[in-house]
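So the chains spell out like this:
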Amino acid sequence: MPISNNQSHLPDKSMECVCGSQKSYAECCMPFHHGIAKPETAEQLMRSRFSAFELLLEEYLMDSWDKVTRPGHIDFTPGLHWTKLVINGRKQGRKKDQQGWVTFVAYYQLGSEQGHLHEKSFFTRNEQGEWQYVDGEIKN
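These remarks concern the structure in this document. Each chain carries its own residue numbering, running from 1 in the direction its sequence is written. Whole-chain, interface and lining totals are the exception, using all residues; otherwise, since this is a predicted model, local features are given only for residues with pLDDT of at least 70 and side-chain atom pairs are given and counted only at 80 or more. To get the side-chain values, take all heavy atoms of the structure and skip hydrogens and water.

**Some points on the packing of aromatic side chains**
To be explicit about the condition: Pairing of aromatic side chains here covers Phe, Tyr and the six-membered ring of Trp, requires ring centres within 6.5 Å, and sorts the geometry by plane angle: under 30 degrees stacked, over 60 edge-to-face, intermediate tilted. Secondary structure is summarised from DSSP: a helix means a run of H or I of at least four residues, a strand means a run of E of at least two, and numbering begins at the N terminus for each. Relative accessibility under 20% of the residue-type maximum defines a buried residue, over 50% an exposed one, and the middle range a partly exposed one, all with a 1.4 Å probe and only protein chains included. We call a charge positioned over a ring when the NZ of a Lys or the CZ of an Arg lies within 6 Å of the ring centre and within 35 degrees of the ring normal.
Summed over the entire model, instances satisfying the criterion amount to 6 aromatic pairs. Consider the rings of Phe50 and Trp82, whose centres lie 6.3 Å apart with planes at 70°: the pair is edge-to-face. In this pair, Phe50 is assigned in helix α2 (residues 42–54) and Trp82 in strand β1 (residues 80–92), connecting sequence segments 32 residues apart. Ring centres of Trp65 and Tyr133 lie 5.3 Å apart, and the angle between their planes is 80°; on these two criteria the pair is classed as edge-to-face. Of this pair, Trp65 sits in the loop between α3 (58–63) and β1 while Tyr133 sits in strand β4 (residues 131–138), placing them 68 residues apart in sequence. Of the two residues examined, Trp65 and Tyr133, each falls in the buried class. Through pairs of rings, three or more aromatic residues link up here, namely Phe50, Trp82 and Tyr108. The ring of Trp65 has Arg49 lying over it, and the distance from NZ or CZ to the ring centre is 4.8 Å. Across the ring face of Trp101, the terminal group of Lys91 is positioned such that the distance to the ring centre comes to 5.5 Å.

**A short note on the sheet that holds strand β3 (residues 113–125)**
Note the threshold: Two strands form a pair only when DSSP identifies at least two bridges running between them. Interaxial angle, 0 to 180 degrees, is taken between N-to-C directions of lines fitted to C-alpha atoms, where a helix line uses only the stretch in contact. Residue contacts are defined here by distance: any two heavy atoms, one from each residue, within 4.5 Å place the two residues in contact.
If you walk across this open sheet you meet the 4 strands as β1-β2-β3-β4, and the pairing is antiparallel. A strand with exactly one partner marks an edge of an open sheet, and here the two such strands are β1 and β4. Taken over all neighbouring pairs, the strand axes of this sheet differ in orientation by 30° on average, direction set aside. The sheet contact formed by β3 and β4 spans 7 bridges and is antiparallel. Residue pairing in the sheet places Ser121 in a bridge with Gly136 of β4. Helix-sheet contacts for α2 involve β1, β2 (99–110), β3 and β4, and the interaxial angle to β1 is about 170°.

**Observations concerning the side chain of Asp66**
Filter applied, for reference: Neither His nor the chain ends is counted toward charge; the positive residues are Lys and Arg and the negative residues Asp and Glu. In what follows, salt bridge is the name for a side-chain nitrogen of Lys or Arg lying within 4 Å of a carboxyl oxygen of Asp or Glu. Nitrogen and oxygen atoms within 3.5 Å of one another constitute a polar contact, given that in protein one can donate a hydrogen and the other can accept it, and given that sequence-neighbouring residues count only through two side-chain atoms.
Within the secondary structure layout, Asp66 lies in the loop between α3 and β1. Buried charged residue Asp66 carries no salt bridge. Nearest counter-charge: Arg70, at 6.8 Å. In terms of polar contacts, Asp66 uses its side chain to reach the backbone amide nitrogen of Val68, at 2.9 Å. Beyond its immediate sequence surroundings of up to four residues, Asp66 is in contact with Thr124, Gln132, Tyr133 and Val134.

Function-wise, these values are silent; they only describe arrangement.
Have a look at this one:
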């Protein structure tokens, strides 16, 4: 699935990936975004979705969302930037698992306002064995 969102602002492939992995974009999320590879773990999918939200990659986000819980479209908030991702924990979600949970804090900036989203996300594999985001529980 090639990227086809004209709104996206893709980083240079040698730049550090916005998901916080400390790898270059080319070594991290870019292969997932371009359909060259599929995430092997729930955490890889979580990271790639975080960077896809920052890069406005609606097609990737929709394709990696479970069809039962997927919305009709994504309304990106103009001026919202996802600035940092911190993974707090994982349960299952490994290469051999069929489901998994990833707990994270995603930091954002909207104008002069800064905030964060703390969520426990649930992932499962689809019929093709690919990881899909199902839903999340907001934490306080």
